[in-house]
Amino acid sequence: MRRFLLARLAQAGVVAVVVGTLCFVLMRVLPGDAAMRIAAGRYGPDAAIAEAAEKVRQELGLDQPWPVQFLEWLGNLLRFDLGHSLVTGAPVIEELKVQLGASLWLAAAALLLSLLIGPAVGIVSGLRPNGWADRLGLAGSVTLRALPPFVLGLILMLVFSIWLGWLPPAGFGSWRELILPSLTLALGLAAVSSRVTREAIATVAKAPYFAFARHKGLPEAVVVRRHGLRNAAIPVVSYLGLQAIYLVEGVVVVETIFAYPGIGHALVHAIVERDIPMVQGTALAMGLIFVAVTAGVDAASAWLDPRLRRAQ
Amino acid sequence: MRFALFLAAAATAIGLSSAAGSAEERPLKVVGPWEIGGIDPAQSGYVFSRLQVAETLVSADPTGKLVPALAEQWSVSEDGLTWRFRIRAGATFHDGKPVTAEAAAASLRQAQAGVGVLTQVPISDIAAEGQDVVLRLGKPFAALPAYLVNFGNIILAPASYDASGKVTRIIGSGPYKVKSLTPPLKLELEASGNWWGGAPEIGVVSYLAVGQGETRAIMAESGEADLVFSMLPVSVERLKRDPQLEVKIATIPRTRILKVNAGSPFFDDVEERQAISYAIDRAGITKAILRNPDLEATQLFPPALVGWHVSDLPPLEHDPDAARRLLAEAGWELGSDGILEQDGRRFSVTLLTYSNWPELPPIATVLQAQLREVGIDVKVSVGNSSEIPSRHRDGTLEMGLISRLYSIVPDPTGTLLQDYGPGGSDWGAMGWSNEELQALVDKLVATSDLEERAPLQRRAVEILQEELPGIPITWSELAIIANERITGVQVDPLEVNYGLASIRWAE
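Counting from 1, residues in each chain are numbered in the order their sequence is written. Each chain gets a letter, beginning with A, and each ligand a number, beginning with 1, in the order they are written. Local features in a predicted model are, by the rule used here, given only for residues with pLDDT of at least 70; side-chain atom pairs are given and counted only at 80 or more, and totals for whole chains, interfaces and linings are based on all residues. The side-chain values count all of the structure's non-hydrogen atoms but skip hydrogen atoms and water molecules.

- Under the annotation held in an unreviewed UniProt entry, chain B carries the name ABC transporter substrate-binding protein and is attributed to Chelativorans salis.
- Quoted verbatim from the Subcellular location (unreviewed entry) heading of the UniProt record, the comment on chain B is "Periplasm".
- Under the UniProt heading Sequence similarities (unreviewed entry), the entry covering chain B gives this text: "Belongs to the bacterial solute-binding protein 5 family." UniProt positions are given in the numbering used here, feature names are shortened, and annotations may be inferred rather than shown by experiment.

- Looking at an unreviewed UniProt entry, one finds chain A named ABC transporter permease and attributed to Chelativorans salis.
- Here chain A is described in UniProt, under the heading Subcellular location (unreviewed entry), as follows: "Cell membrane".
- Annotation of chain A in UniProt includes, under Sequence similarities (unreviewed entry), the sentence "Belongs to the binding-protein-dependent transport system permease family."

**A closer look at the UniProt feature "domain: ABC transmembrane type-1" (unreviewed entry) in chain A**
Move 1: Those places that UniProt annotates as "domain: ABC transmembrane type-1" (unreviewed entry) correspond, in this numbering, to residues 100–301 of chain A.
Move 2: We count a stretch as a helix when DSSP gives it H or I for four or more residues in a row; a strand needs E for two or more, and each element gets its number in order from the N terminus. Segment residues 100–301 of chain A splits into 85% helix and 0% strand. End C-alpha atoms: 27 Å apart.

**Considering the side chain of T282(A)**
Residue and element names in this part refer to chain A.
Move 1: Here T282 shows up in helix α12 (residues 276–304).
Move 2: For the exposure calls, accessible area comes from a 1.4 Å probe over protein chains only, and a residue counts as buried if that area is under 20% of its type's maximum, exposed if over 50%, partly exposed in between. For T282, a relative accessible area of 0% translates into the label buried.
Move 3: Nitrogen and oxygen atoms within 3.5 Å of one another constitute a polar contact, given that in protein one can donate a hydrogen and the other can accept it, and given that sequence-neighbouring residues count only through two side-chain atoms. Of note is the side chain of T282, whose polar atom sits 2.3 Å from the backbone oxygen of M278.
Move 4: In this structure T282 touches L96, I263 and L267, once residues within four positions along its chain are discounted. Here, two residues are considered to be in contact whenever any of their heavy atoms come within 4.5 Å of each other.

**Thoughts on the packing of helix α9 (residues 208–215) of chain A against helix α10 (residues 220–257) of chain A**
All names here are of chain A.
Move 1: Note on method: axes are straight lines fitted to C-alpha atoms, helices fitted across the in-contact stretch only, with angles between N-to-C directions ranging 0 to 180 degrees. Direction vectors running N to C along α9 and α10 enclose 160°, while the axes themselves pass 9 Å from each other. On the basis of the axis angle, α9 is roughly antiparallel to α10. The handedness of the crossing between α9 and α10 comes out as right-handed. In this structure, α9 uses Y209, F210, A213 and R214 to contact α10, whose residues at the interface are E220, V223, V224, H227, G228 and N231.
Move 2: Amino acid classes used here: Ala, Val, Leu, Ile, Met, Phe, Trp, Tyr, Cys and Pro are nonpolar; Asp, Glu, Lys and Arg are charged; the rest, including Gly, are polar. Broken down by class, the residue content of the contact of α9 with α10 amounts to five nonpolar, three polar and two charged. Working rule for angles: under 35 degrees goes down as roughly parallel, over 145 as roughly antiparallel, 65 to 115 as roughly perpendicular, anything else as oblique. In a left-handed crossing the near helix is turned counterclockwise from the far helix by less than a right angle, and in a right-handed crossing that turn is clockwise.

**Observations concerning the interface of chain A and chain B**
Move 1: On the side of chain B, 50 residues touch chain A, which itself brings 45 residues to the contact.
Move 2: Here the quantity called buried area is the accessible surface, traced with a 1.4 Å probe, that two parts lose on coming together, added over both. Interface of chain A and chain B: buried area, both sides summed, is about 3700 Å²; carbon and sulfur atoms make up 66% of it.
Move 3: Among the residues of chain A in contact with chain B, P45(A), D46(A) and F172(A) are the three that bury the most area, contributing 16% of the side total.
Move 4: For salt bridges, the criterion is a side-chain nitrogen of Lys or Arg within 4 Å of an Asp or Glu carboxyl oxygen. One can count three salt bridges joining chain A with chain B.

**Points about the domain arrangement of chain B**
All names here are of chain B.
Move 1: An automatic or database domain assignment provides the domain bounds reported here. What the domain assignment reports for chain B is domain 1 (2–52 + 174–244 + 484–505), domain 2 (58–160) and domain 3 (252–476).
Move 2: Just the C-alpha atoms count here: the centres of domain 1 and domain 3 sit 36 Å apart.
Move 3: Domain 1 puts seven residues into the contact, and the matching count from domain 3 is eight residues.
Move 4: For the pair domain 1 and domain 3, the two sides together bury roughly 640 Å², of which 70% comes from carbon and sulfur.
Move 5: The largest per-residue losses of area from domain 1 upon contact with domain 3 belong to P233, P493 and L494, which jointly make up 61% of the total buried on that side.
Move 6: Counting across the interface, domain 1 meets domain 3 through zero residue pairs in polar contact (both at pLDDT 80 or more).
Move 7: For the side of domain 1 that touches domain 3, a count of residues per class yields five nonpolar, no polar and two charged.

The following block contains the structure:
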């Protein structure tokens, strides 16, 4: 257990340095003058951008050689100081607290909803492969996964905000505003996880131990609960780790259309506005979350599957 | 089945909770596209000024006439060098402190040291003398009161600034004060309780920045928002049919212009620039993309800019034959591939634009097609807005499609001074200058008498129409959607102040 945690901690450290360096290099090789971009981001396209850019350059020390700037960033990182946003002037850590918090709520709600929908549909489909529920599940899954999140989001807004008038189409602050964006993400997640669950359940259902449980006369519900779920959960849980990638790309789009102040929204703006500390901070946070998610998935898999523990 | 039951139960719960009202005062829900990046007045001052949190010394009514705000009255010395602004008696900041001449002078000094429009005024000293803020100038500048209308010059309480002069909180003097701010998207306001103009009709306001036009339309349509600003043309038609919504449209002093490099061999002759103008079918663009035929820019300034729109000026027209003739006169001949050539050089240029305004890239591709008709090959490149000024500076810009605002200060002289001065400017002329126009603008800067100004303004517009250093394409509109729940909404084409304080709930 201790070795596991130490290894993960080391991994997190490596991820932090690699992500930070990559961001730094990528933002430097992008074409265009950073001071101009920052000035345009701060003061908008109606302002006298070129004059403002000169002041920005002096204020931020952008004319320093890049190794100096990089070492400064690295030194600050070691002191857990992510610096200040070049556009808003606020400490990056403060901005991350708000935005990361908002995104984590969104991601957690999406994951929860997808777990309510995906595996349930998958189990129903997998127990009767090629039955009507399975075919319906497949059709739904293909349709939902094929729809880009912004189309799905707009459809949900039309249905729940305009036709039914139940939920606000955008905004944030209460659980009502959280439902539509998280449902948009959850349907995309569930589209795939339901199929993964269906395959896992179908495989388990064909397994000799499953047949044996049935033959010995256990009721169907007990068979599924005792012998089906845990075995089928192994691939589903590993797949959840992969879904974190979908969530990251999903929040960027979903947060933008639902006017939700999360990390994806912030990252897009930071890149356009060449706000390097914000890009590094957000990418770093995302990278570390990734490490945490994979660690969590590994731990859960080890708990579900004793063979993995023995192999270690 | 159990899952279906769960869904039904969840749906009922949502339906019930949305029906349940709350005891708190219902906020006026305002939605617009503007995000609140940082709270520095030069950055987001317009949000605080439009939503009436902070005030400037001078304001402007919807026709552009300057009206007193925090300054009750103002006067200028005989030589035009000393301006006195008398601070309104009884005006109070949201922290309870009175608005003093010292506080106003301090805010203006910060603005002058920053990057806003005040840096363009030849101010030598800003001081407080009794109830007066006194601005001393290096040379006469009649447009000074108009410059003070700009949102960068809002007056904030001394407690808004930290020791280094940075704004850390917005403590203004308007009818609304900040209750909470979640940058970049949400701002909640409540009545300040001590505004000199009386209490606002609706006590609580909630502003949400929604960047996506489609989402804003749905916010209006679902009734979630009471007042929605800046609607996409495609949504306007649909929303007009909704009986619960009222659509208000105003033409604003913003013109989409084709900025051309008059120093390049493609656009150095005035015939070439006129030919480009003739090649453009403005009516088609306004009809197909903007869906409002009134926006066809037949001259630089729209009718809303009183005194600057010259109604009897010969309009810019679509005439491809005239375009071809003028290009031939300028020495361009049709090559074998259907593209014009001159001394072995093909008429092939890059048109740079940016996507801050979603309509610019589609208009750019229409221009590409229309210019191809007369034998000009255009490549469209969509980038960041800062690329226009940066490629203006290094001289590599050939053509740029830009959206230029003429009410950054309510007097367009300010923008003309900047755009068409010697050597041009980032958002103005490139490789073009005109001595007569410069003399006119210099005179306008020093003249405040309206009758004296009128012929000067007219002549300036004529020169721009004839010489076309920038080719006007379309004017712009501001579309506002108001729910039937509210009444008293006014559209301010200058976007100085949205007048939220006088909006009421409908009976």
